[in-house]
Amino acid sequence: MSTSSKWESLDVHLLQVLYALLSESSVSNAARRLNQSQPAVSTSLRRLREITGDQLLVRSRNGMIPTERGQALLEPVRTALSQIEAIGIQQVRFDPSQSRRVYNLATPDYLSAVMLGEMMSRIRRLAPNSQVILHSLGPDFNYSNALETGMLDGVIANWPQPPEHLRLAPLFEDEVVCLMRKAHPLAGQTLTKDTYLNAEHLVPTPYTVGQRGVIDLHLAKERLKRNVVVYVPYFNMVPYMLMQMDAVFSAPRIFAEHFCSLMPLKVSDIPIDFPPIPFYLLWHDRSHHSEECRWFREQVIAVMRDTKSAYLRPQSTPAKVQAPLSTKQPAPHVAYA
């Protein structure tokens, strides 16, 4: 038998016997300690000698003593058993009030600041010693790798085709509306398809490479083209730019209604049947069974679903949020809660 195959036959039971033998320096004492018969421990000792290629215990005038090799193995064996025990012990129930965990969440900047504020308030109330770091999505940010490596605990996204290899929980659905300043020449009109397409448009730059939004995908499918005059890197810049120019911005209603409550802006319906925008939370399998991460996801989901009703009018086809489990794509979206 080769050296490598001998060591492969070493199991937890033999490690326990070896530690007892080296600690007690006695077969009979080790047997009592392990609640085994002396012949059974002697048999294990023979196997251990064969595996290690060393006698491990030898006779002396005062009984048995470990060999130099045996003495050198005592601490590594103790460490190995301790680590194995840590694997086998059930995880202590997570207590958010005592947690000092730092959570990392990536979000698009068109989410309402009020919604994110509610989320942070809830987490701070339930886990006052924790921290939350918000990351902004961008074309140079590899969010998928960040989830896989643990740099991120979750990503809030709304792409029509979410990644198939990540876990997903629906948050809510929003509709596309047209945002403009109240002094815009089109503000008092019912928009037609031509007036909408011919108006000057502000358009956001993509948040991530290879992901097109609901609006761009639908217009391309219908072979329609907007009159784009400015590409904007940050959603929150748009309302202030709209105040200075006769342009329009197609956006989720939750974003538009929030800024209409703060500034002299107006929301108009769009005469194009855009599909609803699905907002969802993404995470990786590596954190799926972590109690800390699961608790964090539950807070994000609960706040997003509770707060959305303050900004969104009833939809004709509400998002399905009642199912109890999460799933990977492309299986049907089911909620995580």
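In case you missed it, the structure is sitting above this.
Residues numbered from 1 in each chain as written. Predicted model: local features only at pLDDT ≥ 70, side-chain atom pairs only at ≥ 80, totals over all residues. Heavy atoms only, no water.

*Asks:* Looking at this structure, how should I read the packing of helix H3 (residues 27-34) against helix H4 (residues 38-52)?
*Replies:* Two quantities define a packed helix pair, namely the angle between the axes and the distance from one axis to the other. One can describe the packing of H3 onto H4 by two numbers: an axis separation of 9 Å at closest approach and a directional angle of 110°. Accordingly, the angle class assigned to the pair H3 and H4 is roughly perpendicular. Helix-helix and strand crossings are classified by hand; for H3 and H4 the assignment is right-handed. Of the residues in H4, those touching H3 at Val27, Ser28, Ala30 and Ala31 are Gln38, Val41, Ser42 and Leu45. Grouping the amino acids of the contact of H3 with H4 by side-chain chemistry returns five nonpolar, three polar and no charged. (Axes fitted to C-alpha atoms, helices over the stretch in contact; angles between N-to-C directions. Helix = DSSP H or I, 4+ residues; strand = E, 2+ residues; numbered from the N terminus. Parallel < 35°, antiparallel > 145°, perpendicular 65-115°, else oblique. Left-handed = near helix turned anticlockwise from the far one by under 90°. Contact = heavy atoms within 4.5 Å. Nonpolar A, V, L, I, M, F, W, Y, C, P; charged D, E, K, R; others polar.)

*Asks:* How should the packing of aromatic side chains be read in this particular structure?
*Replies:* Two numbers describe a pair of aromatic rings. These are the distance of the centres and the angle of the planes. Applying the stated criterion across every chain yields a total of nine aromatic pairs. For the pair Phe235 and Phe255, a centre-to-centre distance of 5.3 Å together with 90° between the ring planes defines the contact as edge-to-face. In this pair, Phe235 is assigned in the loop between strand E9 (227-232) and helix H10 (238-242) and Phe255 in helix H11 (residues 253-260), connecting sequence segments 20 residues apart. Here the two residues Phe235 and Phe255 agree in accessibility, since each one is buried. Every member of this aromatic cluster is reached through a ring pair, and the members are Phe94, Tyr103, Trp295 and Phe296. (Phe/Tyr/Trp six-rings, centres within 6.5 Å; stacked < 30°, edge-to-face > 60°. Buried < 20%, exposed > 50% of the residue type's maximum accessible area, 1.4 Å probe, protein only.)

None of the figures reported here should be taken as evidence of function without further support.
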